[in-house]
Amino acid sequence: MVIKVLKSTPTVMNPFRYNENKVAAGVARIIGVGNIKDTSYPNVYSALMDREEGNIRTEKPSLHIAFSPAVEDELEDEQVLSLIKDWMAEQGLGNQPYAVYKHNDILREHFHVVSTKLKEDGHSFPCHNIGWKSLQIMKELQPKYDYIIGPSERAKIEMERFQFKYENGNIWKQIDCIY
């Protein structure tokens, strides 16, 4: 499992539209929400946008996180939703509205979480160390969900296969293997 906190944007609408466009293209679907009434477009939209109305200071309030399980991780959607709920709670974001999208637009399934850094009162959560804290949380949650932290062994082998190393000699054979 690799978790990547994606770049924040000036409005939560940017990651929301990105994921909804993937849904419209048929390569993603919304599989769950947290602290939102249901998964319908109007409810998710209003829950996320309502938080931005009272904000005047936070320049980039969006929170967009990608959860990429290893191919060997055999997690059902319900387990992923539970994992994301636990992860959000451990980050201190458990009361935030969020939507979880499942993507099939690349070779492996992965999940996007769209949320906001803004609390109900308009103030912002401090999210500057969310990536470092994420690794600690993933280590704590690993026994419960039984996933691989970081790239899988298969992914490491594939990365090794496509690395060009001059010191290994036989340069043309290495180049042939890349293609």
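Residues numbered from 1 in each chain as written. Predicted model: local features only at pLDDT ≥ 70, side-chain atom pairs only at ≥ 80, totals over all residues. Heavy atoms only, no water.

K.L.:
Would you take a moment to explain the sheet that holds strand β4 (residues 98-103) for this structure?
P.N.:
Read from one edge of the open sheet, five strands run β1-β3-β5-β4-β2, paired in antiparallel fashion. What marks the edges here is a single partner per strand, and that holds for β1 (2-5) and β2 (28-34). Averaged over neighbouring strand pairs, the angle between their axes works out to 20° when direction is ignored. Of the strand pairs in this sheet, β4 and strand β5 (residues 110-116) are connected by six bridges, and their pairing is antiparallel. Bridge pairing in β5 links Lys 102 to Phe 111. In this fold helix α3 (residues 77-91) packs onto β1, β2, β3 (62-68), β4 and β5, with an angle of close to 140° to the strand it touches most, β4. (Pairing = 2+ DSSP bridges. Helix = DSSP H or I, 4+ residues; strand = E, 2+ residues; numbered from the N terminus. Axes fitted to C-alpha atoms, helices over the stretch in contact; angles between N-to-C directions. Contact = heavy atoms within 4.5 Å.)

K.L.:
Explain the pattern of salt bridges here, please?
P.N.:
What the rule picks out here adds up to five salt bridges. A salt bridge links Lys 102 to Asp 77; its shortest N-O distance comes to 2.9 Å. Of the two residues, Lys 102 is situated in strand β4 and Asp 77 in helix α3; the sequence distance between them amounts to 25 residues. Residue Lys 102 is classed as buried on the basis of its relative accessible area, which comes to 8%. The partner of Lys 144 in a salt bridge is Asp 86, with the nearest N and O atoms 2.8 Å apart. Highlighted residues: Lys 144 in helix α4 (residues 130-145) and Asp 86 in helix α3, separated in sequence by 58 residues. Several salt bridges converge on common partners, so that one network encompasses Arg 29, Asp 77, Lys 102 and Glu 109. (Salt bridge = Lys/Arg side-chain N within 4 Å of Asp/Glu carboxyl O. Buried < 20%, exposed > 50% of the residue type's maximum accessible area, 1.4 Å probe, protein only.)

K.L.:
Could you clarify how one ought to interpret the nonpolar core in this entry?
P.N.:
Proteins that are soluble and globular tend to have nonpolar side chains buried together. By size, the foremost hydrophobic cluster in this structure holds 25 residues, and its most contacted members are Met 1, Phe 67, Ile 84, Trp 87, Val 113 and Tyr 147. Every element with two or more residues in this core is listed here: β3, α3, β4, β5 and α4. When neighbours within four sequence positions are excluded, Val 113 is seen to be in contact with Leu 63, His 64, Ile 65, Phe 67, Ile 84, Met 88, Tyr 98, Ala 99 and Val 100. (Core = buried A, V, L, I, M, F, W, Y, C linked by side-chain atoms within 4.5 Å.)

By themselves, these observations are geometric and do not establish any function.
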